[in-house]
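Listed here are the chains, written in short residue letters.
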Amino acid sequence: MGLTGTVLAVDAGNSKTDVAVVSASGEVLATARGGGFRPPAVGVDRAMDALAVPVERALKEAGVASVSHVSACLANADLPVEEERLAAAVTARAWGAAVAVRNDTFAILRAGVSEPRGVAVVCGAGINCVGMRPDGRTARFPALGRLSGDWGGGWGLAEDALWHAARAEDGRGGPTELARTLPAHFGLPTMGALIESLHLGGLAPARRHELTPVLFATAADGDPVARSLVDRLAEEVTLMATVALTRLDLLTEPTPVLLGGSVLAAGHPQLDQGIRTRLTAQAPLAEPQLITTPPVLGAALLGLDHLGSPPGAQARTRAHWEAATGRTPR
């Protein structure tokens, strides 16, 4: 049977999926975790089959077959047309009477604020930014990589670090310690050896992500080229946040700017200070803060927003996930 006034919250990222069933009063009835959600790689049908595993486990644990509202924040829902297609696919599963699908960055934002108002910049493998207001207005970017004008994230940093290091070694560019530190990370003697290994498959392409921490370590040791890439990322994060604040008319009032994702959460002093300094100059009322709360909380709160649940219910839901962190949203 179904349960009236209940939310199925889904935060489905590329690497893992978290699911929760939450009552309108804010009680967390069940949770479950599954694998990544990757429609571009495996197709929508197979991605939905994988998503069904933790969803149906959580529904069973909660003792229900369906809920009032499905709040699904999904990776790879980057364009409105993709959200519509995925919403249709979720609706077809009959997990809830109503369905709302959003990009998973909205879950990160909503998890870090006490009301649906603020901006979030997420920098992990890629980079994305969204913003929202209580009146329903949102700001977002396509976040499709260079095709949509994006730069940053672990992938972009690693690519640019390799580019500078390769040119330093062969004489087309200026010197940089990256020409030594990048190949040394893999136990290789030169950039030429690293390039050959990446090109011929000795190293899997995904291992390029390992070079992002090497870049930050090289920057911390004072290398000018590495430091310039860190500064560029600080500028990009600030630019995305400022544009989102401007679109939502939030530049003139104190507004949380949430910073999330593995790169921003790593606590690199140059990057952290660079972002805060630039935000102070370009958006003086912005309130930057690191978000570490599980994004599935944000999906749940968005669902409770839809139900019109009172603040006390939302506080009860938040307490379920935030007890360990001791963090209070602003």
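Our structure's up above, just so we're on the same page.
The residue numbering used here restarts from 1 in each chain and proceeds along that chain's sequence as written. Per-residue local features of the predicted model are confined to residues with pLDDT of at least 70, and side-chain atom pairs are confined, for both listing and counting, to 80 or more; whole-chain, interface and lining totals are unaffected and use all residues. Side-chain descriptors were evaluated using all non-hydrogen atoms of the structure, hydrogens and water having been removed beforehand.

A. Inspection of the state of the cysteines at higher detail. For the purposes of this analysis, a disulfide is any pair of cysteine sulfur atoms at a distance within 2.5 Å. Within this structure, the stated rule accounts for zero disulfides. With no disulfide of its own, Cys123 lies closest to Cys129 among cysteine sulfurs, the gap being 12 Å. We call a residue buried when its accessible area falls under 20% of the maximum for its residue type, exposed when it is over 50%, and partly exposed in between, using a 1.4 Å probe and counting protein chains only. Cys123 gets classed as buried once you look at its relative accessible area, which sits at 0%. Overall, Cys129 belongs to the buried group, its relative accessible area being 0%.

B. Layout of empty space enclosed by the protein. Buriedness for pockets is judged along seven lines, at least five of which must meet protein on both sides within 12 Å for an open set on the 1 Å grid over protein atoms alone, while cavities are sets there where a 1.4 Å probe fits but cannot get out, and lining residues have an atom within 4 Å of a point. Grid points are joined across faces, edges and corners, and a volume is the space filled by probe spheres set on the points. Summed over all chains, the structure comprises one cavity of 30 Å³ or more. Around the largest cavity sit Asp78, Asn103, Asn128, Cys129, Val130, Arg140, Phe141, Pro142 and Ala143, which together line it. Under the scheme used here, helices are H or I runs from DSSP no shorter than 4 residues and strands are E runs no shorter than 2 residues, and both carry numbers assigned from the N terminus. For the lining of the largest cavity, the element with the highest residue contribution is strand S7 (residues 127-132), accounting for three residues. Only Asp, Glu, Lys and Arg are considered charged in this grouping, and only Ala, Val, Leu, Ile, Met, Phe, Trp, Tyr, Cys and Pro are considered nonpolar; every other residue, Gly among them, is considered polar. Grouping the amino acids of the lining of the largest cavity by side-chain chemistry returns five nonpolar, two polar and two charged.

C. Summary view of the packing of helix H12 (residues 295-307) against helix H13 (residues 311-322). Between H12 and H13, the least distance of the axes is 10 Å, while the angle of their chain directions is 170 degrees. Here H13 runs roughly antiparallel to H12, going by the angle between their axes. In this structure, H12 contributes Val296, Leu297, Ala300, Leu301, Leu304 and Asp305 to the contact, and H13 contributes Ala313, Gln314, Thr317, Arg318, Trp321 and Glu322. Whenever a helix is involved, its axis is fitted only over the stretch in contact; in every case the axis is a line through C-alpha atoms, and angles between N-to-C directions fall within 0 to 180 degrees. We call two directions roughly parallel when the angle between them is under 35 degrees, roughly antiparallel when it is over 145, roughly perpendicular when it lies between 65 and 115, and oblique otherwise. Contact between two residues is taken to exist if any of their heavy atoms lie within 4.5 Å; hydrogens are not considered.

D. Focus on helix H5 (residues 153-170). With 18 residues, H5 should reach 26 Å at 1.5 Å per residue; the first-to-last C-alpha distance of 26 Å fits that figure. Along H5, the positions that sit buried rather than exposed are Gly153, Gly154, Gly156, Leu157, Ala158, Asp160, Ala161, Leu162, Ala165, Ala166 and Ala168. After H5 finishes, the residue Gly171 shows a positive phi value of roughly 95 degrees. Multiplying 1.5 Å by the helix residue count minus one yields the expected span of that helix.

E. Spatial organisation of the environment of Ser114. In this structure, Ser114 sits in the loop between helix H4 (105-111) and strand S6 (118-123). Separated by 54 residues in the primary sequence, Ser114 and Ala168 have C-alpha atoms spaced 48 Å apart.

F. Just the sheet that holds strand S8 (residues 138-140), in detail. DSSP bridges decide pairing: two strands pair if at least two such bridges lie between them. In space, the five strands of this open sheet follow the order S8-S7-S6-S9-S10, with mixed pairing throughout. The open sheet is flanked by S8 and strand S10 (286-290), the only strands paired with a single partner. On average, each strand axis in the sheet is tilted by 15 degrees relative to the strand beside it, whichever way the strands run. In the sheet, strand S9 (residues 255-260) pairs with S10 via five bridges, with the strands oriented parallel. Each residue of the ladder has a partner; that of Thr255, found in S10, is Ala286. Strands S6, S7, S8, S9 and S10 of the sheet are contacted by helix H9 (residues 224-247), whose axis makes an angle of about 25 degrees with S7.

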